[in-house]
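Read off the chains here:
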Amino acid sequence: MKLQIIGFEDIIFTNIENTLLIIENHKLFSKVILSLSNYIDNISINDEIIILDNLDNIVKGNQINLILDPIHFNFNDRFLLTKIYSKISQSIINQQDIYEIFNTYISSLNNIIINELNDFNFNFSANYDLSIISYLKCLNVKVEDIKNKSIFDKILDCIDLYSEILPNQVFIFVCLLQYLDDKQIEEINKYICYKKVCCLFIENEYNRSKNFKKYIIDNEFCEQIY
């Protein structure tokens, strides 16, 4: 992957090496993060900042997960739940015997409801063709989010979930490292490589140099690579 910021060298990051971008100039840091957020939300697409894959194709915003607040990371946002429901639905449909059991079960439920409705002196209309996804919504299926989990554990859960549901998703963590000690950072980096997640860390300042390929844009806009 390449993060291109106009006026600077490409920031190369992969799923086999942990990469850290440090932008020491506060105004540039703010501008880059805001531009990334707008890029992901498709609010404005311009040439100031862009992300390309290994074939130099533009990576779409819905393929990028920008994590600005790890404390309040939402494991149950609509986009993620939709992907989870779709994955479950497709898995059941692909198992013909299980899919037939599901349809039989729904048919039995429909008959119960129809019998109850017949007791009224009114005509009712209803959609009895309940899909797997609709049934999951009725059950209110969600990812369990334990409130007292540490930020370290939340990040591991986040990587776990996305690598399973959206294996090609790109992670960009902003100012995450300040929440973690050296051992936790090392463990997260190992886990990212193990899961083969394409990930970029962005910080405003950082003086711990372990376990990262580092790109630094200093206050004078000079670039360094370590």
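Every value quoted in this text rests on a predicted model; they were computed, and no experiment measured them.

What counts, and at which threshold
Residues numbered from 1 in each chain as written. Predicted model: local features only at pLDDT ≥ 70, side-chain atom pairs only at ≥ 80, totals over all residues. Heavy atoms only, no water. Buried < 20%, exposed > 50% of the residue type's maximum accessible area, 1.4 Å probe, protein only. Helix = DSSP H or I, 4+ residues; strand = E, 2+ residues; numbered from the N terminus. Pairing = 2+ DSSP bridges. Right-handed = clockwise from strand over helix to strand, strands pointing away. Expected span 1.5 Å × (residues − 1). Contact = heavy atoms within 4.5 Å. Polar contact = N/O pair within 3.5 Å; in protein donor to acceptor, adjacent residues only side chain to side chain. Axes fitted to C-alpha atoms, helices over the stretch in contact; angles between N-to-C directions. Parallel < 35°, antiparallel > 145°, perpendicular 65-115°, else oblique. Nonpolar A, V, L, I, M, F, W, Y, C, P; charged D, E, K, R; others polar. Core = buried A, V, L, I, M, F, W, Y, C linked by side-chain atoms within 4.5 Å.

**Some points on the pairing of strand β6 (residues 170-174)**
With five of five residues buried, β6 lies mostly within the body of the structure. Both faces of β6 are covered, namely the face carrying V170, I172 and V174 and the face carrying F171 and F173. The sheet contact formed by β6 and strand β7 (residues 198-203) spans five bridges and is parallel. Residue pairing across strands places V174 opposite I202, the latter belonging to β7. With helix α6 (residues 182-195) bridging β6 and the parallel β7, this β-α-β connection has right-handed handedness.

**Thoughts on helix α2 (residues 78-94)**
Relative to the 24 Å expected for 17 residues at 1.5 Å per residue, α2 spans 24 Å between its end C-alpha atoms, a close match to the ideal helical length. Elements that come into contact with the buried residues of α2 comprise α3 (96-117), α4 (132-139) and α5 (151-165). Capping the start of α2, D77 holds a side-chain oxygen 3.1 Å from the backbone nitrogen of F79, two or three residues further along.

**Some points on the packing of α5 against α6**
Where α5 meets α6, the axes come as close as 11 Å, and the angle between the chain directions of the two elements is 5 degrees. What the angle tells us is that α5 and α6 run roughly parallel. On the side of α5, the interface is formed by F152, I155, L156, I159, D160 and S163, while α6 contributes Q184, E187, I188, Y191, I192 and K195. Here the residues of the contact of α5 with α6 sort into seven nonpolar, two polar and three charged.

**Quick word on the nonpolar core**
F171, F173, I188 and F201 are the most contacted members of the largest nonpolar core, which totals 39 residues. Residue assignment for this core shows that the elements contributing at least two residues are β3 (19-23), α2, α3, α4, α5, β6, α6 and β7. Here this core takes nine residues from α5, the largest share from any one element. The contact partners of F173, leaving out residues within four places of it in the chain, are I67, I155, C199, L200, F201 and I202. F13, F29, I40 and I49 belong to the second-largest nonpolar core, a separate cluster that totals 31 residues.

**Quick notes on the environment of L156**
Within the secondary structure, L156 sits in helix α5. In this structure the C-alpha to C-alpha distance between L156 and I188, which are 32 residues apart in sequence, comes to 6.9 Å. Those residues in contact with L156, other than ones at most four positions away along the chain, are I188 and Y191.

**Describing the side chain of S163**
Tracing the sequence through the fold places S163 in helix α5. For S163, the side chain forms a polar contact with the main-chain oxygen of I159, separated by 2.8 Å. Within polar-contact distance, the side chain of S163 engages the backbone oxygen of D160 at 2.9 Å.

**So, the sheet that holds β3**
The strand order β5-β6-β7-β3-β8-β9 describes an open sheet built from six strands, whose pairing is mixed. The open sheet terminates on both sides in strands that have one partner only, identified here as β5 (64-67) and β9 (223-225). Between one strand axis and the next, the sheet turns through 15 degrees on average, direction left out of account. When strand β8 (residues 213-217) meets β9, the two strands line up antiparallel, connected through three bridges. Counted as the bridge partner of I216 is Q224 from β9. Across the sheet, helix α1 (residues 26-40) lies against β3, β5, β6, β7 and β8, angled at about 140 degrees from β5, the strand it touches most. α5 rests against β5 and β6 of the sheet, and its axis sits at about 160 degrees to β6.

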